[in-house]
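Residue strings, one per chain:
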Amino acid sequence: MKKIFILSLIIAMACVSAATIYWHEFASQSADSEKVVVTGSSTIAPLVSRIAKRYEETHPDVRIDVQTGGSSRGLADARTGSCDVGMISREATENEADLTWVTIAKDAVGLIVNTENTITTLADAEIVAIYTGEVTNWSEVGGADRPITVVNKAAGRATLKVFLDYFKIAPEEIRADIIIGDNQHGIKTVIGNPDAICYVSVGTAEYEVKRGTGIKLLDIGNIESSIAGVMSGAYPLSRPLNLVTRGIPSDTVLAFLEYCQSTAVHDLIREEYFVEVQ
Amino acid sequence: MKFNSDGILLWLLRTVAVAAGGVLILIFSFLLIESISAFREIGFFRFFSDPSWHPNTNSNTGSYNLVPMILGSFYVMLGAVFLATPLAILSALFCHFYAPAAVAGFYRRIIEVFAGIPSVVYGFWGLVVLVPLIREVQPPGPSLLAGIFILTIMILPTIALMTDAAFSGVPKNYIVAAKALGMRRWTMLRAAIIPASRFGITAGVILGAGRAIGETMAILMVCGNVVQTPRGLFDPIRTLTANIALEMAYATGDHRSALFVSGFILLVAIAAMVMVADLVKADVI
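The shown structure was predicted, so the numbers you read here are calculated from the model rather than taken from an experiment.

Chemist: I'd like to hear about the overall build of chain A, residue by residue, with values.
Modeler: When helices and strands are counted, chain A shows 10 helices and 12 strands. Going through the 278 residues of chain A one by one, you find that 49% of them count as buried. The contacts of chain A with a sequence gap of at least 6 include a subset with a gap of at least 24, amounting to 73%. Carbon together with sulfur atoms contributes 55% to the accessible area of chain A, which is approximately 13,100 Å² in total.

Printed below as a string of C-alpha cells:
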C-alpha cells in the first residue's frame, strides 16, 4: 500500500511539474507579450540586463531575455537569427558589414600592477617588449630588480583582441607566465603577486583601485588610464560596446535599441564602470 | 483488478536505467560527431604533431597541438592520487580503528563536509592563499604543484570515505580471528584488514582519480593555464578541462571543433582508466 502511495505521489509530482512548465511556456508565448532575445559578450550582458529590467518596468508587454556567451556568439547568433540583438564588445571588421552596429558605451583596457610595484607608467614599446619576452625583469623598465610575471588572457577574450590589435602583437609572440579567464581572475592574480602585470577593463580596475584592493592602473605612454580619459577620447586602448542587428528589426527591437542609446541609461552605464558615448 | 506495484516499479526502474545509459551514449556520440568534423578539417595527427596550441577559426592558419594539455591533465592527476591515497588510507585507519567512538563520528562528519565543498571554493582559496605561498618559493606561483595540492585536498575525502566504507565491510570474524591469534593492532590491520578491503580502496582511488582528471574550476584558477609541457613542479600547466572552460565561450569554427576533441580525449581517457581498473580487479581475483 505504501509503495502505491509513494508511486502515485511521484506521478502526481511529475504531472504538476509538467503542467507548470507547459503553462509557463504557453504563457510566455501568448500574443500580448513580445520577447526580445539578446545574446553575446559577457562584458556587455550585465549592463544590458539592467537596462532591460528598467525597460520592462515601463513596457510590461515586452520581455527581454539576455544571455551571455561571448562576442563571437553574439555575432553568430545575430547572423543565424537565433537572437534579435547581438552584443559585441569590439569594433566591426570589414566582413561584418551585413549587420547594423550601434555603440551604446565604451570600455577601455588598462594595464594593472600590484601597488608594491614602483612603476607608474610604461611606454608602448616597453609593454610590447614585456609581453613578447624581450624584457623579463622590472629593472629593465625602471623598476626593482625582480622578475616580471606576465599575465595574459585566454584565446578568444575580447580584451585580448583589443590589446593585441592596439600593440600589433601576434598571439604566437606572447610569452606569458600565467593565462587567465576573466577580469576578476586577473585582478586576484595581480593582488597575490607583486611582480605581475595584467590587462583588464579600466572600469573594473578603477573600481578595484578605489576600493583599495592592492592594484594600480599604469599610465600608457604618459596618458592617464581613467574613465575621464576614455570619455575624452585621449585614452587609446578602448573598445566600443556594440549592439548588432541583422536586416530590418521589428518595432519592439528598434524601440529597445533607441532606449539603450538614450540618456536615461547613462547612470546604469556608469554604475557598471563603463563610459557613455557622447 | 489487481494493482501490481512491483511490476510498475520494475518498469519504472528499467526506464530510468535505459535513460541513464542512453544519456551517456548520446553524450559520447555527440562528442564523436563534433570531433569527427575537426578530424576531417584539421586532420587527426595534427593534434599531436602541430608546433603549438594557437587555435584559429580557420584550420589552415591555426595550430592545434593537444599533447601538452594531455600531459598536464595526466601529471596533475597522477601527483594528486599519489599524495592523496596514503593520506586517505591513514585517515580512514585512524577514523575506524584508532579514534574513540565520539571522535570518529565527529571526524567522519568533517570529512563528509570536505567532500561536499564546491570546487570553486577550493580554487579561490588556492588562488589567494596557496599560489602566493608557492610564489615565495619559486615564481610565478600558479603551477603544476599548486594544482596537485588543490586536487589532493579535493580527492582525499572521496578516497577516505570509500576506504572507510570498505573497512566497515570487512567481516567481523576476521577481526576476531586476528585478535585470537594475538596480533597487535597494526599487524592485524596490515595483514588482514587492508588486504581484505583492497577492492574498496581501489574503487575509492579510481573515483578520486576520475574526479581529479575531470576537475575544472579549481585547476583553472591555480594552474596558470600556459600551454606547455612542464619541465618541473613549478611550471604552469594547462589541463584539457581548463582548456575547454577557458576558450569554449569564445570559440567558433574549427577552434570550437578542436575543443570538442579535447572533451573527446578526456572521455576516452576516463573510459580507459575505468577499464584498466576493471582488468586489475579481475586479475587480482
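After presenting the structure, the write-up continues.
Chemist: If you had to explain the interface of chain A and chain B to someone new, which residues and values would you point to?
Modeler: Across the contact, 30 residues belong to chain A and 28 residues belong to chain B. Carbon and sulfur atoms make up 65% of the area that chain A and chain B hide from each other, which totals about 2,300 Å². Between chain A and chain B we count 1 salt bridge in total. The partner of B:Arg135 in a salt bridge is A:Asp195, with the nearest N and O atoms 3.4 Å apart. The interface formed by chain A and chain B includes 3 residue pairs in polar contact (both at pLDDT 80 or more). The set of elements that each furnish at least two residues to the side of chain A that touches chain B consists of helix H1 (2-28), helix H3 (71-80), strand S7 (178-180) and helix H6 (183-191) of chain A. The residue makeup of the side of chain A that touches chain B, split by class, is 11 nonpolar, 12 polar and 7 charged.

Chemist: I'd like a rundown of the packing of aromatic side chains, residues and numbers included.
Modeler: What describes a pair of aromatic rings is the distance from one ring centre to the other and the angle between the planes of the rings. Residues and elements named next belong to chain B. Scanning all chains against the criterion turns up 18 aromatic pairs over all chains. Summarising the aromatic geometry, the rings of Phe 44 and Phe 48 are spaced 5.4 Å apart at their centres and angled 55 degrees between planes, so their arrangement reads as tilted. Of the residues examined, Phe 44 reaches a relative accessible area of 42% and is grouped as partly exposed. With a relative accessible area of 36%, Phe 48 lands in the partly exposed category. Each member of the aromatic cluster is reached from another via a ring pair, and the members are Phe 39, Phe 44, Phe 45, Phe 47, Phe 48, Trp 53 and Tyr 64. Directly above the aromatic system of Trp 11 lies the positively charged group of Arg 14, at a separation of 4.6 Å from the ring centroid.

Chemist: Explain the domain arrangement of chain A to me, and be specific about the residues and the numbers.
Modeler: All names here are of chain A. As far as domains go, chain A holds domain 1 (33-105 + 239-276) and domain 2 (107-232). Placing a centre on the C-alpha atoms of domain 1 and another on those of domain 2 gives a separation of 28 Å. For the pairing of domain 1 and domain 2, the buried interface totals around 1,100 Å² over both sides, and the portion due to carbon and sulfur atoms is 64%. Of all residues in domain 1, Arg 239, Tyr 273 and Val 275 bury the most surface against domain 2, accounting for 63% of the area lost on that side.

Chemist: Explain the packing of helix H5 (residues 119-137) of chain B against helix H6 (residues 144-168) of chain B to me, and be specific about the residues and the numbers.
Modeler: Residue and element names in this part refer to chain B. Where H5 contacts H6, the axes come no closer than 10 Å and their chain directions differ by 140 degrees. By the angle class used here, H5 and H6 are oblique. Between H5 and H6 lies a crossing of right-handed hand. Within the contact between the two elements, H5 uses Ser 119, Tyr 122, Trp 125, Gly 126, Leu 130, Val 131 and Ile 134 and H6 uses Leu 145, Ala 146, Phe 149, Ile 150, Ile 153 and Met 154.

Chemist: Run through the domain arrangement of chain B, naming residues and quoting values.
Modeler: Residues and elements named next belong to chain B. According to the domain assignment, chain B contains domain 1 (5-54) and domain 2 (66-284). Each of domain 1 and domain 2 was reduced to a C-alpha centroid, and the two centroids are 24 Å apart. In this assembly, 14 residues from domain 1 lie in contact with 20 residues from domain 2. Sorting the residues of domain 1 by area buried against domain 2 places Leu 31, Phe 47 and Trp 53 first, and these three jointly supply 45% of that buried surface. Taken together, domain 1 and domain 2 are joined by 1 salt bridge. The partner of Glu 34 in a salt bridge is Arg 256, with the nearest N and O atoms 3.6 Å apart. Put simply, domain 1 and domain 2 have 3 residue pairs in polar contact (both at pLDDT 80 or more) between them. Of all the secondary structure elements, the ones that give two or more residues to the side of domain 1 that touches domain 2 are helix H1 (5-42) and helix H2 (46-49). Sort the elements by how many residues they give to the side of domain 1 that touches domain 2 and H1 lands first, with 11 residues.

Chemist: Now, about the pattern of salt bridges: what can you tell me, with residues and values included?
Modeler: Counted under the stated rule, the structure contains 17 salt bridges over all chains. For B:Arg135, the salt bridge identified is with B:Glu136, shortest N-O distance 3.5 Å. Note that B:Asp235 is salt-bridged to B:Arg231, the shortest N-O span being 3.9 Å. Overall, B:Asp235 belongs to the buried group, its relative accessible area being 17%. Using a relative accessible area of 75% as the deciding quantity, one classes B:Arg231 as exposed. A single network of salt bridges, built from pairs that share partners, joins A:Arg146, A:Asp195, B:Arg135 and B:Glu136.

Criteria and thresholds
- Residues numbered from 1 in each chain as written.
- Chains lettered and ligands numbered in written order.
- Predicted model: local features only at pLDDT ≥ 70, side-chain atom pairs only at ≥ 80, totals over all residues.
- Heavy atoms only, no water.
- Helix = DSSP H or I, 4+ residues; strand = E, 2+ residues; numbered from the N terminus.
- Buried < 20%, exposed > 50% of the residue type's maximum accessible area, 1.4 Å probe, protein only.
- Contact = heavy atoms within 4.5 Å.
- Areas by Shrake-Rupley, 256 points an atom, 1.4 Å probe, with all protein chains shown as cover.
- Buried area = accessible area lost by both parts, 1.4 Å probe.
- Salt bridge = Lys/Arg side-chain N within 4 Å of Asp/Glu carboxyl O.
- Polar contact = N/O pair within 3.5 Å; in protein donor to acceptor, adjacent residues only side chain to side chain.
- Nonpolar A, V, L, I, M, F, W, Y, C, P; charged D, E, K, R; others polar.
- Phe/Tyr/Trp six-rings, centres within 6.5 Å; stacked < 30°, edge-to-face > 60°.
- Lys NZ or Arg CZ within 6 Å of the ring centre and 35° of its normal.
- Domains from an automatic or database assignment.
- Axes fitted to C-alpha atoms, helices over the stretch in contact; angles between N-to-C directions.
- Parallel < 35°, antiparallel > 145°, perpendicular 65-115°, else oblique.
- Left-handed = near helix turned anticlockwise from the far one by under 90°.

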